[in-house]
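# Reading the structure
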Amino acid sequence: MEQTDKYEEDWLFEITPKNRFFSFNLKEVWQYRDLLLLFVKRDVVTVYKQTVLGPLWYLIQPLFTSITFTIIFNTVAGIETGTVPPFLFNLAGITVWNYFTACLNGTSNTFASNAGIFGKVYFPRLIVPLSVVISNLLKFGIQFFIFIAFYLYFYCSGAAISLNPLVLFFPFLVVMMGILGLGLGMIISSLVTKYRDFSYLIGFGVQLLMYLSAVVYPMALISEKMPKYAWLIHYNPLAYIIETARYLLLDIGQISIPGLAYTFVLIILLFFIGLLIFNRTEKNFIDTV
Amino acid sequence: MSHNPQLTTHNRDIILKAENISKQYRLGVVGTGTLTHDLNRWWHRIRGKEDPYLKIGETNDRTTKGESDYVWALQDINFEVERGEVLGIIGKNGAGKSTLLKILSKVTAPTTGTIKSRGRIASLLEVGTGFNGELTGRENVYLNGAILGMTKKEITAKLDEIIDFSGCERYIDTPVKRYSSGMTVRLAFAVAAFLEPEILVIDEVLAVGDAEFQKKAIGKMQDISKGEGRTVLFVSHNMAAVKSLCTRGIVLEHGKVVFEGGIENAVSYYLSGSNVGSLSSKKFDNEFDKEIFRLNEISLKGENENRVIAEDTVIDLVTDITFKSEDAHRYHLTYHLYNELGEAMFSFHHSFDDSVILKKGENLISCKFPKHFFQPGNFSLSLFVVEDKKSFVFSESDIITFTVVDGKRDLGVYMGREPGSIKPQFEWSLKN
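Here is what the cut-offs are and how they apply
Residues numbered from 1 in each chain as written. Chains lettered and ligands numbered in written order. Predicted model: local features only at pLDDT ≥ 70, side-chain atom pairs only at ≥ 80, totals over all residues. UniProt positions renumbered as here; feature names shortened; annotations may be inferred. Helix = DSSP H or I, 4+ residues; strand = E, 2+ residues; numbered from the N terminus. Buried ≥ 20, exposed ≤ 12 C-beta atoms within 10 Å, placed from the backbone. Contact = placed C-beta atoms within 7 Å. Pairing = 2+ DSSP bridges. pLDDT = per-residue confidence, 0-100. Axes fitted to C-alpha atoms, helices over the stretch in contact; angles between N-to-C directions. Nonpolar A, V, L, I, M, F, W, Y, C, P; charged D, E, K, R; others polar. Core = buried A, V, L, I, M, F, W, Y, C linked by C-beta atoms within 7 Å. Expected span 1.5 Å × (residues − 1). Parallel < 35°, antiparallel > 145°, perpendicular 65-115°, else oblique. Left-handed = near helix turned anticlockwise from the far one by under 90°.

Going by the annotation in an unreviewed UniProt entry, the name recorded for chain B is ABC transporter ATP-binding protein, with Flavobacterium sufflavum given as the source organism.

Chain A has the name Transport permease protein in an unreviewed UniProt entry, where Flavobacterium sufflavum is given as its organism. For chain A, the Sequence similarities (unreviewed entry) comment in UniProt is given as "Belongs to the ABC-2 integral membrane protein family."

Right, dumping it as structure tokens:
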């Protein structure tokens, strides 16, 4: 009798209506690590297939955005960037910002754009947003490389720029940006499955968010010119990351330890909320997508 | 389903068990309506109450207009699968087969119930899932294999076999978008065929590909199940494939299991259900309202009152006929019995000893077939109304069809099918 009971309990796994609240199954994600790498490879290899310029597109976009911003915000509107050439100032901001938007846009479509494959085969869904964040990291690497090139160019032509000794912490900043994009993306992707309204919200929301994220101006400038609305920027974790990135790379602006601590906590919080919502959604989204 | 669970667990090696699986779907479009429902559901949940929309929902019959926005695509599905068994899941379109496979392959979760498994499940719901046209065949083998749960190492070890099986060697370094659709399927099936899960879920893979490849695919699947002892759940509309691959079958209808048993019987059951509509009882309104008589109903019932007639039950054929004239005694009923191949088995009538004489008004004429008279299979009856034992005044062929299925047999006896369609019992005795 006892033996029967024991055998009865001896299941490898069970499929149940809902995931348990905190069962992230990271072990399973690890088992599928090869898939993660293959997805990253696929994303990188296929993005610019059948284009003439290929990966050069990765460079063209930030360059032209920086040029445009430099003309509009610095030449026309007259935003001061101190001793740093405005172009380099903008390029630094845009490069970091781009990584965030790429992560957010990529992950926020996870369910909707992979419905076809998700509807047919099971693998840990988390693999997809993770692969987006990682493949965008490569893209970021390429864009960062062009930043370094311009940095050297301006340096050699005598611009007064220098690295902050803390620049070694820059990779942490990038990782934080990635996790923030991933966390927000997971939240939004879960909402988009049922209500497409959110995908439109993201479309223009991200554009507006950029202006609140100190991409084209130093944070100090807002406090100085619009003290009434400065809180908008001071509560925005993205603004701290971008400001700090410029501080590390160009030694300009300020570093705010409380701000960064706040950012860090918020990012971790958003990430876990995202993971939780994502985890809840992945079981049934295919019925509502 | 099993009568003695304790016995079952001892004697059988159950690898997969579905317990009360139900799946509810919402019909219509997602809009403000869903938002109100979601809010209501959430409001119930935070108060610790049951989901209000789980109580409603109708059987999933797509042909009738329903009252509710919610339907049950599956309702209380229970079954067990033994290790090494190939289970066929058959049913009409919309019966819930694919939903069941989706739940089994974890693509979607059941609304209620659990599935317990002792082995990894890999699905092959539609081959070529995740193929990327821009990548080469070889890259896609890796990608697809990884999606299906293989590691890179496993794929590398089998790469040559996979390519060989697919027969796409020449194109293997060409982007898949240049492939013909047949080639894509072959390559995709090849990847899946070399998967090594304990349980493989397959849906309609044979719908594509040429005859040669289908043969190859069926052969490979037989190897998988018989040679390698793996468990396969197979869904297909191809009854020949189902019959040749599966050992057992379940028939789904409107989201419920209506039959479970040997594959031959499952297929017969399914076919009889889909071809002729009603199974074992037919009511006639005015179709056979003749000058002399009016035919009301013909029914075949097993003792168990089930819609399924099993071989080990007494089968009662009841003819409900109303005669309009006083000379009803001049008429006799004659039936011809045909098997599923349309071969006439025999003819039978109630008049050979004149013990039953028809009267004016309603006659309920019963004809009982003893247990084990019919072999499992499909049968049809033709009815003749004969006047004065000379000539018939009415005839209708295939007036009713019915299916006799396997009954429960004693453990240890022959479980297969004996030749012929009927198994009459004669008087046997020992003369010495």
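Moving on, there is more to tell.
It is worth spelling out the overall build of chain A at this point. When its secondary structure is counted, chain A shows 15 helices and 1 strand. Judged by the C-alpha coordinates and their principal axes, chain A covers about 85 × 45 × 40 Å. Across the 289 residues that make up chain A, the buried fraction comes to 38%. In chain A, of all internal contacts separated by at least 6 residues, the share reaching a separation of at least 24 is 82%.

Time to look at the overall build of chain B. Looking only at helices and strands, chain B has 10 helices and 19 strands in total. Residues classed as buried in chain B amount to 38% of the 432 residues present. A fraction of 69% describes how many contacts in chain B between residues 6 or more apart in sequence connect residues 24 or more apart.

Residues and elements named next belong to chain B. Across the sheet, 5 strands lie side by side as β13-β19-β18-β15-β16; this open sheet has mixed pairing. The open sheet has two edge strands, β13 (309-310) and β16 (344-349), and neither has a second partner. In terms of strand pairing, strand β15 (residues 331-339) meets strand β18 (residues 377-387) through 9 bridges, oriented antiparallel. Across the sheet, the residue bridging to Y338 is S380, located in β18.

Residue and element names in this part refer to chain B. This prediction gives chain B a mean pLDDT of 79; 81% of its residues lie at or above 70. Contacts from residues 274-278, a stretch scored under 50 in pLDDT, to residues over four places away or in other chains number 2 contacts. Interface confidence in the predicted complex, given as ipTM, is 0.79; pTM for the same model is 0.70.

As a further point, take the sheet that holds strand β14 (residues 315-323) of chain B. Residues and elements named next belong to chain B. If you walk across this open sheet you meet the 4 strands as β11-β12-β14-β17, and the pairing is antiparallel. Edge strands, defined here as strands with exactly one partner in the open sheet, are β11 (281-283) and β17 (361-369). Pairwise comparison of adjacent strand axes, ignoring direction, gives a mean angle of 15° for this sheet. Strand direction decides the pairing type here: strand β12 (residues 293-301) and β14, joined by 8 bridges, are antiparallel. In the strand pairing of β14, R294 is matched with T322.

Turning our eyes to something else, we now look at the interface of chain B and chain A. With 37 residues of chain B in contact, the opposing surface of chain A contributes 30 residues. The set of elements that each furnish at least two residues to the side of chain B that touches chain A consists of α1 (5-11), β5 (112-117) and α5 (137-147) of chain B. Examining the composition of the side of chain B that touches chain A, we find that 5 residues originate from one element, β5(B), more than from any other. Residue composition of the side of chain B that touches chain A, grouped by class: 14 nonpolar, 17 polar and 6 charged. Sheet analysis places strand β1 (residues 13-15) of chain A next to β5(B), joined by 3 bridges and oriented antiparallel. The partner of F13(A) across the bridge, within β5(B), is S117(B).

Soluble globular proteins tend to bury their nonpolar side chains together. Among the nonpolar cores identified, the biggest contains 165 residues, and L233(B) and F234(B) are the most heavily contacted of them. With 12 residues, the top contributor of residues to this core is helix α5 (residues 86-108) of chain A. The contacts of L233(B), once residues within four sequence positions are left out, are V81(B), L87(B), I89(B), L101(B), L104(B), I199(B) and V201(B).

The sites that carry the UniProt feature "transmembrane region" (unreviewed entry) are, in the present numbering, residues 56-76, 88-107, 127-154, 166-192, 198-217 and 255-278 of chain A. Secondary structure content for residues 166-192 of chain A is 85% helix and 0% strand, while the C-alpha to C-alpha distance between its ends is 39 Å.

A few words on α5(A). Spanning 23 residues, α5(A) covers 32 Å between terminal C-alpha atoms, matching the ideal 33 Å at 1.5 Å per step. For α5(A), the tally of buried residues reaches 19 of 23 residues, placing the bulk of the element in the interior.

All names here are of chain A. Turning to its location among the elements, S223 is positioned in helix α11 (residues 219-225). Given 14 C-beta atoms within a 10 Å radius, S223 is considered partly exposed. Sequence separation between S223 and L36 is 187 residues, and the spatial gap between their C-alpha atoms is 43 Å.

Tracing the chain through its elements places I188(A) in helix α9 (residues 170-192). Counting along the chain gives 14 residues from I188(A) to I202(A), while the straight-line C-alpha distance between them is 8.3 Å.

What follows deals with α5(B). Most of α5(B) sits inside the fold, with 10 of its 11 residues counted as buried. The complete set of buried residues in α5(B) reads G137(B), E139(B), N140(B), V141(B), Y142(B), L143(B), N144(B), G145(B), A146(B) and I147(B). Contacts made by the buried residues of α5(B) are with α3 (33-46) of chain A together with α6 (152-166) and α7 (181-193) of chain B. Note on α5(B): the residue one or two positions beyond its end, G149(B), has a positive phi of about 105°.

All names here are of chain A. Here α9 crosses helix α13 (residues 237-250) at 160°, and the two axes come no closer than 10 Å. If you check the angle between α9 and α13, you find them roughly antiparallel. Handedness of the α9/α13 crossing: left-handed. Between α9 and α13, the contacting residues are F170, L173, M176, M177 and L180 on the first element and P237, I241, T244, A245, L248 and L249 on the second.

Turning our eyes to something else, we now look at the pairing of strand β7 (residues 199-203) of chain B. Residue and element names in this part refer to chain B. By the criterion of burial, β7 is predominantly enclosed, with 5 of the 5 residues buried. Of the two faces of β7, both are covered, the one formed by I199, V201 and D203 as well as the one formed by L200 and I202. Strand direction decides the pairing type here: β7 and strand β8 (residues 231-235), joined by 5 bridges, are parallel. What sits directly across from V201, in β8, is L233.

Let's shift gears to unusual backbone geometry. Positive phi outside glycine occurs at D251(A), with the angle close to 55°. With respect to the helices and strands, D251(A) occurs in the loop between α13 and α14 (257-281).

Here the focus is the environment of D38(B). All names here are of chain B. Within the secondary structure, D38 is located in helix α2 (residues 32-46). The exposure class assigned to D38 is partly exposed, which follows from the 15 C-beta atoms found within 10 Å. Measuring from C-alpha to C-alpha, the distance between D38 and D51 comes to 10.0 Å, with 13 residues separating the pair along the chain.

Quick look at the confidence of the model for chain A now. Residue and element names in this part refer to chain A. For chain A, per-residue confidence averages 84 on the pLDDT scale, and residues scoring 70 or more make up 94% of the total. Least confident of the elements in chain A is helix α1 (residues 2-9), whose mean pLDDT is 51; most confident is α9, at 91. Ignoring residues within four places in sequence, the model shows residues 1-6, a span with pLDDT below 50, making 3 contacts including any to other chains.

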